[in-house]
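Analysis of the macromolecular model
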Amino acid sequence: PSSMPPGVAFLSGQFTAENGIKKITRCGDLSGVFYDRAAWQAIPVDTPVYRVEMLRSPQGEGELFVGITHLQPGRVGDEFYMTRGHFHQRREQGEVYFGLRGTGLLLLQNEQGVARLEQISPGSVHIIPGFTAHRLINTGSEVLSALAVWPSVAGHDYAALAHGFALRVIEQDGKIQAKEVQHG
Ligand code: 6PG
Ligand code: NI
């Protein structure tokens, strides 16, 4: 006796059976996330930026969540569309990202404020250690989809990075550029 487990359709980057929570984040939800506030305000508030679909799975210490983030292509001013980004509330909890569709960057930042970028593309595997904030950035022209697996107890701390990450990724002279941000 066997049963068919959930799957991912590689071409669409979607779960084959969508049975869990779905959450859409729209431009209007991302106040203060993009540095060009005027450009952000010029985009209709209901414009979808990303969508997360999750499998139903057990919760509690030792249990895992599985989700796929679908991040639209686009820019706010010259800054590429990105997720809000977060530390886990339980800082020691890590996560694995797996690229499914599209191309972009995974921005990682430690508690000392040191940031780095990994290129994400179909098949890429990313180990996000504990104590490391993470954000997806879509630098391509199609939807960027990435599967994530993380401990159900991890939680999200968005407030710790409300002032932004140490790197911003923009398009300048037709090129993808990472800029260091000075906080003061
Ligand atoms: C998580 C995952 C991932 C993430 C989404 C949306 O810990 O839940 O990293 O599912 O939440 O990519 O990103 P934000 O939570 O930063 O909006
Ligand atoms: Ni996370």
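One can find the structure itself at the top, above this paragraph.
Figured I'd write up the structure that's included with this text. All figures in this text were calculated on a predicted structure; none of them were measured in a lab. (Residues numbered from 1 in each chain as written. Chains lettered and ligands numbered in written order. Predicted model: local features only at pLDDT ≥ 70, side-chain atom pairs only at ≥ 80, totals over all residues. Heavy atoms only, no water.)

What to know about the site of ligand 1
The environment of ligand 1 is made up of 14 residues, and the closest members are Tyr50, Thr69, Tyr97, His156 and Tyr158. His88 has a polar side-chain atom sitting 3.1 Å from an oxygen atom of ligand 1. Tyr97 places a polar side-chain atom, nitrogen or oxygen, 2.7 Å from an oxygen atom of ligand 1. Coverage of ligand 1 by the protein amounts to 95% of the 400 Å² it exposes when considered alone. At a threshold of 2 Å from the grid points, most atoms of ligand 1 map onto the largest pocket. Secondary structure elements with two or more residues in the shell around ligand 1: β4 (48-54) and β8 (95-101). Here the residues of the shell around ligand 1 are counted per class, giving five nonpolar, seven polar and two charged. (Near = heavy atom within 4 Å. Polar contact = N/O pair within 3.5 Å; in protein donor to acceptor, adjacent residues only side chain to side chain. Areas by Shrake-Rupley, 256 points an atom, 1.4 Å probe, with all protein chains shown as cover. 1 Å grid on protein atoms, 1.4 Å probe; cavity = no way out; pocket = protein on both sides within 12 Å on 5 of 7 lines; lining within 4 Å. Sits in = over half its atoms within 2 Å of the grid points. Helix = DSSP H or I, 4+ residues; strand = E, 2+ residues; numbered from the N terminus. Nonpolar A, V, L, I, M, F, W, Y, C, P; charged D, E, K, R; others polar.)

Some remarks on the coordination of the nickel ion (ligand 2)
Those donors, His86 (NE2), His88 (NE2), Glu95 (OE) and His134 (NE2), are the protein atoms that reach the nickel ion (ligand 2), and they lie 2.1 to 2.3 Å from it. For the nickel ion (ligand 2), the six donor atoms are set out with angles of 74 to 171 degrees between them, so the coordination reads as octahedral. Mapped onto the sequence, the donors of the nickel ion (ligand 2) take the spacing H-x1-H-x6-E-x38-H. Of the two residues, His88 sits in the loop between β7 (79-80) and β8 while His134 sits in strand β12 (residues 132-138), which places them 46 residues apart along the sequence. Neither His88 nor His134 differs from the other in exposure class; each is buried. (Donors = N, O, S within 2.8 Å, 3.2 Å for Na, K, Ca; no water. Tetrahedral: all angles 85-135°; square planar, octahedral: opposite > 155°, others 65-115°. Buried < 20%, exposed > 50% of the residue type's maximum accessible area, 1.4 Å probe, protein only.)

Digging into the layout of surface pockets
Any empty space left between atoms is shown by rolling a water-sized probe over those atoms. Roughly 500 Å³ of volume is contained in the largest pocket. Around the largest pocket sit 24 residues that line it, and Val52, Thr69, His86, His156 and Tyr158 are the ones nearest its centre. Only β3 (22-26), β4, β5 (64-71), β8, β12 and β13 (144-151) provide two or more residues apiece to the lining of the largest pocket. Across the lining of the largest pocket, the residue classes break down as ten nonpolar, nine polar and five charged. Approximately 150 Å³ is the volume attributed to the second largest pocket. Lining the second largest pocket are 13 residues, and of these Gly32, Val33, Arg84, Leu161 and Ala162 sit closest to its centre. Considered class by class, the residues forming the lining of the second largest pocket number six nonpolar, four polar and three charged. (Points joined across faces, edges and corners; volume = space filled by probe spheres on them.)

Some remarks on the packing of aromatic side chains
Taken as a whole and judged by the stated rule, the model has two aromatic pairs. Judged by centre distance (6.5 Å) and plane angle (50 degrees), the ring pair of Phe34 and Tyr81 falls under tilted. Separated by 47 residues along the polypeptide, Phe34 in the loop between β3 and α1 (37-41) and Tyr81 in the loop between β7 and β8 bring together distant segments of the chain. Neither residue differs from the other here; Phe34 and Tyr81 are each classed as buried. The cationic tip of Arg84 hangs over the ring face of Tyr158; the distance from NZ or CZ to the ring centre is 5.9 Å. (Phe/Tyr/Trp six-rings, centres within 6.5 Å; stacked < 30°, edge-to-face > 60°. Lys NZ or Arg CZ within 6 Å of the ring centre and 35° of its normal.)

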